[in-house]
Amino acid sequence: MELFLPVLFQASVLLYLVGAIISVLLRKREKINNLSANLFCMAASVLGAAASIAKILWHEGPLGIFEAHSTIPFLSLVMKVDNISAFFLLALFILVFCVSIYSIGYISHYIGRRNVGLFNFLYTTFILTMILVFTSTNAIFFYICWEAMSVFSYFLVVFESEKSENQRAGTLYIIMTHLASAFILVAFLIIYSYTQSFDLYGSSGALPEMSKNIIFLLFLIGFGTKAGLIPLHVWLPHAHPAAPSNVSALMSGIMIKTAIYGMLRFVHCYLGIEQAWWGLLILTLGMISVFLGVAYALMEGNIKRLLAFSSVENIGIILIGLGVCFIAFAHEQVLLGSFALTAALLHTFNHSLFKGGLFLGAGAIQYSTQTKDMEKLGGLSKRIPVTAFFVLCFSLAISAIIPFNGFIGEWLTFQALFANILPGQTGIDILLILAVAALGLAGGLVIACFVKFFGISFLGLPRSEQALQAKEVPLTMNISMGLLACLCLFFGLFPLTILTLVDKVILSIGGSTVLGELRGEFFLLFYPLEIAGNEILPAAILGLVLVMIILTLLLLRMFGGKYIERKYGTWDCGYEALTSRMQYSATGFSKPLQIVFKILFRPSRKLSAEGEALCSSEPIKYTTTFSSIFEDFLYSPAAKAVKSFSKKTAFRIQTGSIHNYLIYILVTVLLLILYNRFF
Amino acid sequence: MNNLIYIFLQALTILMLAPLVNGLIRKMKAFIQKRQGASIFQMYYDLYKLVRKGSVVSEVSSWIFKATPYIFFASALVAAMLVPVSTIILPKHIPGDFIVLVSVLGLGRFFMMLAALDTASTFGGMGSSREAMVSTLIEPTILVSLFTIGLISQSTSLSQIMLTVQGAGFPLAHPVYIMVFLALLIVIIAESARIPIDDPSTHLELTMIHEAMILEYSGRHLALMEYGAAIKQLVFMTLLVNVLVPHDQIIAFTGFLALFLSLLIYFFKILILTGIIALIEINTVKFRLFSIPNMAAFAFILSFLGILQYFILGGSNV
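Residues numbered from 1 in each chain as written. Chains lettered and ligands numbered in written order. Predicted model: local features only at pLDDT ≥ 70, side-chain atom pairs only at ≥ 80, totals over all residues. Heavy atoms only, no water.

Colleague: Is there a simple way to explain the overall build of chain B in this structure?
Modeller: Counting its secondary structure elements, chain B contains eleven helices and one strand. Secondary structure elements of chain B occur, N-terminal to C-terminal, as α-α-β-α-α-α-α-α-α-α-α-α. Taking 2.2 N^0.38 as the reference for a compact globule, 318 residues should give roughly 20 Å; the C-alpha atoms of chain B span a radius of gyration of 19 Å, in line with that estimate. With the principal axes as the frame, chain B shows a C-alpha extent of 60 × 40 × 40 Å. Counting only residues that meet the buried cut, chain B has 66% of its 318 residues in that class. Expressed as a percentage of contacts within chain B between residues at least 6 apart in sequence, the contacts between residues at least 24 apart total 81%. Of the accessible surface of chain B, which amounts to about 11,100 Å², a share of 68% is contributed by carbon and sulfur atoms. For chain B, the distance from the average site of its 18 positive side-chain charges to the average site of its 15 negative ones is 7 Å. (Helix = DSSP H or I, 4+ residues; strand = E, 2+ residues; numbered from the N terminus. Rg over C-alpha atoms; globule rule 2.2 N^0.38 Å. Buried < 20%, exposed > 50% of the residue type's maximum accessible area, 1.4 Å probe, protein only. Contact = heavy atoms within 4.5 Å. Areas by Shrake-Rupley, 256 points an atom, 1.4 Å probe, with all protein chains shown as cover. Lys, Arg positive; Asp, Glu negative; His and termini not counted. Charge placed at Lys NZ, Arg CZ, Asp CG, Glu CD.)

Shown next, in the form of structure tokens:
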């Protein structure tokens, strides 16, 4: 095993590399290129996923997979996989496998129209950089991979660059992500100034208390931006919809989770948690993200923006778990912390499955109708029934409805909160109860949001010609979504399979096991999930629902006789001219909640007629607009200030005269010499 | 095996009783209004009649419209299995706790809201959209209330909660329970679509929520939707009376006599709660749709006060 495992990981990485190179070499033959790149990704993912599972189950401690040292100081490539890396890699590989199957069909509509070779190169390299982020052990190298990941994803975001909105989204994304990287870099430099080492597996003992706090804040801002934590989320609802859907699935499914990995790796494992307020801060931000994320998602009419906002909400759920875990660890309540960490990690994994699936579904909608606008969709369940069914499964999963995997994550989060409130000693309990309320409110909003997403897009009458003419999607796309839907159901019914892995991960980073004694691994499937004395058996619930449906059918047959059905038009109050414009629209659906939470959305509406009076038969135009609090009150003023400052100072600093620039250099050098002399 | 028999009996009890509760509420309302009113068994007759009729299905709708009645009904029945009617013969394992209960009911609601959108009818969309609002606003209250009682009993399992509360004598004398009781009462009114949140007896487009969602259903499908809603209402009522006013501790017998007595007392409690709901329905008018958030906020504050009192007074002296 010791010899075999590293080889598996190496082979997987190598296959991705080969895939990337081949997609460049074969750029003229687009069909073969597309097939080969995706097949390489799939093969690499299978190897990688197998290696990750084997690593977690049978190998303890970090596993070195690659080592290369350069003559440049501090720059050495040492790749190691420990249990946390392996867990995130597992999520990555599973998702990449499914997305690659999907891409075979999805990218086919680029063939002949776009540079498929370039796309596949970027796609493969993007995955490779994420693997490097999860495995690098050197802070400088981590930073380089982190930046590369951002840059490659930026290229993918602006891949359809002829649309000006995509360019704007890309610019916003690259600015935000670079700001974030700057914070991370500063944190690394502070660490280096105390420990003289960039080793991530090293010890942080040399760091004084105060600088640890500062480093934590820097990491929080840096990783929080990547995760899409409110109020740092502004790039997310722009960038995710702009990217091609298979890339959005990867970005939302796994790239934003690199930030969760970063928090765990750097804050939990490296810094060590000593301050309870770290957890409190994360918890509070998580609660805000949960509520606002889904509230904004509900108002969206663009399917991919809706999904992007919903990712903000799910990151919030993960952060609630992480925050509670940090608080408990700071109070040295290892078991309680481990509950919360289990919930956070499980939800991370689950979210990558169903959110990946939802973005793939959105891509399928876009593929068959060429639109992302919900107001133009409708009736798709009759035109692409298979896709509709899978999207329904994902919608149920994300709404935390039993028996899908989303519910398990939510249940564990509630259990973690419950277990942490139980001791009843601290004032933090009030905050935890508010977290319960926030999760409850968000749970209701998520159901509303995904009833809207599915109901408006797939049910009812088509709202436009495009929706009416929707074409069937390629088989590979449906296969990939079907696979993800099966996984969602599997991990929902048999959560212990994945939880045994999570348990090992948590054990390896100083937590304690929360599963207790399992009665033999063979019964993993039929054993109730038990946390702190509370147990559930999701498979039994599904079984009971099915039995009840069958019993109902039988009894109805007995008492009611044969079922007679008559097809007739929808009731129209005798008007007899029901059109698709008379059904509820996406905006209409969320209107009541928009009015209830109007303080958040600050909607404004405008009614205008083209003719003289509103009561004439002239077309009437009705527009509603929402404004985002954060963009209006935080980012716009900041951007304006920077702009006006730059305008005023640009010609004073950058005068264009070389003499001035020489003075700048001289002054800088002098200051540095002075600094080094006296401090 | 015992588990299975128990939960099926449990579901059967609620299944048989649910239409009666609706009949009782109607009868009591009629009585207070000095009307004769329909028989308390009217809903059974209605259901029987509907079951034997064929269904009209909209041409626009997809399989979701036809599957929803079965899913909704089955989810209500499974929810009924999770809330013990009596704790006399409680088995060791019930496959879920109150978080599962909320999720299972969510399954039914999710499909009901989808089915309402499926027929492309304006009424359906309206009902669905309003239901989304009401259920969202009421959800934090359900969770925080149940969390409060759960914390006192140190368990999220409903049967465990009931057993613990039984050891506490008469819980309604304790402020925590009073708050939770009032909060859950509002939840029942909202979840079972009653005045002042919704009016079950009209089809007026300005007011209806639940009725608008099931407007397109007929015959057998309608029967299942109505029956499912009745079961859901009784599940919430059972939750309220059995958790906050436990009764099994006063039964001194054992065996079947105890079970019989326990069910009898349970029925009596439901009867009283039915009276309370009928009184509320008689004495209030339906709220404007956008007054519902105020009521939901009121319910949430009650439940939050409940948990604050738990923190202040502690759960042990209950």
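Colleague: Honestly, unusual backbone geometry in this entry has me stumped. Any pointers?
Modeller: Trans peptide bonds make up most of the peptide bonds, and negative phi angles are found at most residues other than glycine. All names here are of chain A. Cis peptide bonds are those with omega within 30 degrees of zero, and the linkage from Ile230 to Pro231 qualifies with 10°. Counting through the fold element by element, Pro231 comes out in the loop between α7 (209-227) and α8 (236-242). The omega angle of the peptide bond from Ile402 to Pro403 is 10°, so this bond is cis rather than trans. When you line up the elements, Pro403 lands in the loop between α15 (385-398) and α16 (405-421). Of note in the backbone geometry, Cys573 takes a positive phi value of approximately 60° without being a glycine. Note that Cys573 resides in the loop between β5 (565-568) and α22 (586-596). For Arg602, which is not glycine, the phi torsion reads 40° and is therefore positive.

Colleague: For this particular structure, what's the right way to read empty space enclosed by the protein?
Modeller: Applying the stated rule across the entire model yields seven cavities of 30 Å³ or more. One number sums up the size of the largest cavity: a volume of about 320 Å³. As for the largest cavity, its lining consists of 34 residues, of which Ala400 and Glu410 of chain A together with Val102, Ser103 and Glu139 of chain B are closest to the centre. Sorting the residues of the lining of the largest cavity by element identifies α12 (303-330), α13 (334-369), α15, α16 and α17 (428-458) of chain A together with α4 (98-118) and α5 (122-153) of chain B as the ones contributing at least two each. A total of seven residues in the lining of the largest cavity trace back to one element, the largest contributor, which is α4 of chain B. Residue composition of the lining of the largest cavity, grouped by class: 21 nonpolar, eight polar and five charged. For the second largest cavity, the full set of lining residues is Glu131, Val134, Ser135, Ile138, Ala190, Glu191, Ala193, Ile197, Asp198, Ile209, His210 and Lys232 of chain B. Mapped by element, the contributors of at least two residues to the lining of the second largest cavity are α5 and α7 (175-191) of chain B. The element contributing the most residues to the lining of the second largest cavity is α5 of chain B, with four residues. (1 Å grid on protein atoms, 1.4 Å probe; cavity = no way out; pocket = protein on both sides within 12 Å on 5 of 7 lines; lining within 4 Å. Points joined across faces, edges and corners; volume = space filled by probe spheres on them. Nonpolar A, V, L, I, M, F, W, Y, C, P; charged D, E, K, R; others polar.)

Colleague: Looking at this structure, how should I read the pattern of salt bridges?
Modeller: As a working rule, side chains carrying opposite charge can pair if their charged atoms are close by. The full count for this structure, using the stated rule, is twelve salt bridges over all chains. Ionic pairing is found between Glu160 of chain A and Lys163 of chain A, a salt bridge with its closest N-O pair at 3.3 Å. Given a relative accessible area of 10%, Glu160 of chain A falls into the buried group. Lys163 of chain A gets classed as partly exposed once you look at its relative accessible area, which sits at 33%. Salt-bridge contacts for Glu191 of chain B lead to Arg109 of chain B; the nearest nitrogen and oxygen are separated by 3.9 Å. With Glu191 of chain B in helix α7 and Arg109 of chain B in helix α4, this residue pair connects regions lying 82 residues apart in the sequence. Accessibility expressed as a relative area gives 13% for Glu191 of chain B, which makes it buried. (Salt bridge = Lys/Arg side-chain N within 4 Å of Asp/Glu carboxyl O.)

Colleague: Hey, could you run me through the packing of aromatic side chains in this one?
Modeller: Two measures describe an aromatic ring pair: the distance that separates the ring centres and the angle between the ring planes. All names here are of chain A. Considering all chains together, one arrives at 49 aromatic pairs over all chains under this definition. Between the aromatic rings of Tyr192 and Phe198, the centroid separation amounts to 4.6 Å while the plane-to-plane angle is 15°, which identifies the pairing as stacked. Under the relative-accessibility criterion, Phe198 is labelled buried at 9%. On the numbers, 5.3 Å between centres and 75° between planes, the contact of Phe490 with Phe491 is edge-to-face. By relative accessible area, Phe491 is classed as buried at 11%. The cationic tip of Lys80 hangs over the ring face of Tyr201; the distance from NZ or CZ to the ring centre is 5.2 Å. A cation sits over an aromatic face here: Lys226 above Trp146, 5.6 Å from the ring centre. (Phe/Tyr/Trp six-rings, centres within 6.5 Å; stacked < 30°, edge-to-face > 60°. Lys NZ or Arg CZ within 6 Å of the ring centre and 35° of its normal.)

Colleague: Explain the interface of chain A and chain B to me, please; I cannot follow it from the model alone.
Modeller: The parts lose accessible area when they come together, and the size of an interface is often stated as this lost area. Taken residue by residue, the interface counts 79 residues in chain A and 80 residues in chain B. Here chain A and chain B share an interface that buries about 6,900 Å² over both sides, 76% of which is from carbon and sulfur atoms. The largest per-residue losses of area from chain A upon contact with chain B belong to Phe418, Tyr563 and Tyr584 of chain A, which jointly make up 9% of the total buried on that side. On inspection of chain A and its partner chain B, the count reaches one salt bridge. Close ionic contact of Glu565 of chain A with Lys66 of chain B constitutes a salt bridge, the shortest N to O distance being 3.2 Å. (Buried area = accessible area lost by both parts, 1.4 Å probe.)

Colleague: Hey, could you run me through the nonpolar core in this one?
Modeller: General note: in soluble globular proteins, nonpolar side chains tend to be found buried as a group. Judged by nonpolar contacts, the single largest core of 351 residues is most densely connected at Phe188, Phe219, Met251 and Phe450 of chain A together with Ile231 of chain B. Of the residues forming this core, the biggest block, 21 residues, is contributed by α17 of chain A. Split by domain, this core shows at least three residues from each of two domains, domain 1 (273-510) and domain 2 (590-625) of chain A. Sequence-distant contacts of Phe188 of chain A, defined by excluding residues within four places in its chain, comprise Ala139, Phe142, Tyr143, Phe198, Phe219 and Phe266 of chain A. (Core = buried A, V, L, I, M, F, W, Y, C linked by side-chain atoms within 4.5 Å. Domains from an automatic or database assignment.)

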